[in-house]
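So the chains spell out like this:
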Amino acid sequence: MIFTTRFAPSPTGPLHLGHAYSAILAHDMARARGGRFLLRIEDIDTTRARLQWEHAIYDDLSWLGLTWDAPPIRQSDRIEAYRDALHDLWANRHVLFDCTCSRKDILGALGAPQEGAELPFGPDGLIYPGTCRDDREMHEAFPDKTTLRLDMSKAVQMADGGPFTFQETGTPTDQWATECSVTGHALIRDVGDIVLSRKDFVGSYHLSVVLDDAYQGITHVVRGADLFDSTKIHVLLQRLLGLPTPVYHHHRLIRDDAGKRLAKRDDARAISKYRADGCSPADIRAMVGLPVASDTATSG
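Residues numbered from 1 in each chain as written. Predicted model: local features only at pLDDT ≥ 70, side-chain atom pairs only at ≥ 80, totals over all residues. Heavy atoms only, no water.

## Some remarks on the pairing of strand E1 (residues 4–7)
Here E1 shows a buried face lined by Thr4 and Arg6 and a second buried face lined by Thr5 and Phe7. The pairing of E1 with strand E2 (residues 36–41) spans 4 bridges and is parallel. Bridging across to E2, Arg6 finds its partner in Leu38. Taken together, E1, helix H1 (residues 17–32) and E2 constitute a β-α-β crossover, and its handedness is right-handed. (Buried < 20%, exposed > 50% of the residue type's maximum accessible area, 1.4 Å probe, protein only. Helix = DSSP H or I, 4+ residues; strand = E, 2+ residues; numbered from the N terminus. Pairing = 2+ DSSP bridges. Right-handed = clockwise from strand over helix to strand, strands pointing away.)

## Section: the confidence of the model for the chain
The pLDDT averaged across the chain works out to 90; a share of 89% of its residues lies at or above 70. Across residues 296–300, confidence stays below pLDDT 50; counting only partners more than four residues off in sequence or on other chains, it has 12 contacts. (pLDDT = per-residue confidence, 0-100. Contact = heavy atoms within 4.5 Å.)

## Observations regarding the environment of Ser272
Secondary-structure assignment places Ser272 in helix H9 (residues 271–276). A C-alpha to C-alpha distance of 9.8 Å links Ser272 and Ile57, two positions 215 residues apart in sequence.

## Notes on the packing of helix H3 (residues 79–92) against helix H7 (residues 205–216)
With their axes 10 Å apart at the nearest point, H3 and H7 run at an angle of 110 degrees to one another. Accordingly, the angle class assigned to the pair H3 and H7 is roughly perpendicular. Here the hand of the crossing between H3 and H7 comes out right-handed. Listed contacts from H7 to Ala81, Tyr82, Ala85, Leu86 and Leu89 of H3 are Leu207, Ser208, Leu211 and Asp212. For the contact of H3 with H7, a count of residues per class yields 7 nonpolar, 1 polar and 1 charged. (Axes fitted to C-alpha atoms, helices over the stretch in contact; angles between N-to-C directions. Parallel < 35°, antiparallel > 145°, perpendicular 65-115°, else oblique. Left-handed = near helix turned anticlockwise from the far one by under 90°. Nonpolar A, V, L, I, M, F, W, Y, C, P; charged D, E, K, R; others polar.)

## Side note on the side chain of Thr146
Relative to the helices and strands, Thr146 is located in the loop between strand E6 (125–126) and strand E7 (147–150). Each residue touching Thr146, except ones within four places of it in the same chain, is listed here: Asp98, Cys99, Ser197, Arg198 and Lys199.

## So, the environment of Leu236
Within the secondary structure, Leu236 sits in helix H8 (residues 230–241). Under the relative-accessibility criterion, Leu236 is labelled buried at 0%. Along the primary structure Leu236 and Phe164 are separated by 72 residues, whereas in three dimensions their C-alpha atoms are 6.4 Å apart. Apart from the residues within four sequence positions on either side, Leu236 is in contact with Leu150, Met152, Ala155, Val156, Ala159, Phe164 and Leu187.

## Things to note about H3
In this model H3 runs 19 Å from its N-terminal to its C-terminal C-alpha over 14 residues, within 8% of the 20 Å that 1.5 Å per residue would give. Check the buried side of H3 and you find it contacts strand E4 (96–99), E7, strand E10 (195–197), H7 and H8. Positive backbone phi, approximately 55 degrees, marks His94, located one or two places after H3. (Expected span 1.5 Å × (residues − 1).)

## Here we look at the sheet that holds strand E3 (residues 73–74)
The strand order E1-E2-E3 describes an open sheet built from 3 strands, whose pairing is parallel. Edge strands, defined here as strands with exactly one partner in the open sheet, are E1 and E3. Docked against the sheet, helix H2 (residues 51–63) engages E1, E2 and E3, running at close to 155 degrees with respect to E2.

Structure representation (structure tokens):
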């Protein structure tokens, strides 16, 4: 199997130094192993995605000296694949339920925490209290334009109970692989019934990322350490849907002077601004602590 990585930005704003680090790292890892580097545009949320930002992504990545080995895919072109997977999880595996709860409803159901306690949060936000979980009848037709949640307890049972494991080669293990594992009980307790589709668009980050990684043949997922806990969800979904589990490399995050993780609103650190200020691709590599590639040392 060919060593294959990817970079999967959302076209909702300018790329910043954190994006550059992740993209360059994934690109260089693939090139060092004679592998493939692919690009995916995560525009599933069409209310926020903009074509102008997609074009800017291509332009910034090309300026950085990165090349990809196949035409980019867009999540907006794969809606039917997400819908098919949801139908399967609903009709054949019976692990989804429709949910009408607002955030206010969820907060109300969780109740006020005791003094000194905190509300339960997992990788997907507030851990759902299960309000709508038992309302579904098994014979019900697949619902349209509604929020769908994964019944985590049923999903764990359907996926043979766990544990769910993956190989990690990044933070904090650096250069050697280690096997990470999560139990079914921990997923039920610490993650809960995650959203797999929303009423305003088909699919979710968790569903689309596992389907798209399998579709593109990704063998090594390179992404920020902030997504490490989400990997537990992804490995479960891979087991549930019969998809391969890639090797994961969660890298350090690029932070500002105050130690805060960069966000797209940090326009001062946008690649486009560095370009306008006369920086070179080699300068960007130096800023994020990556070695200068021979073909970017003098380009601007």
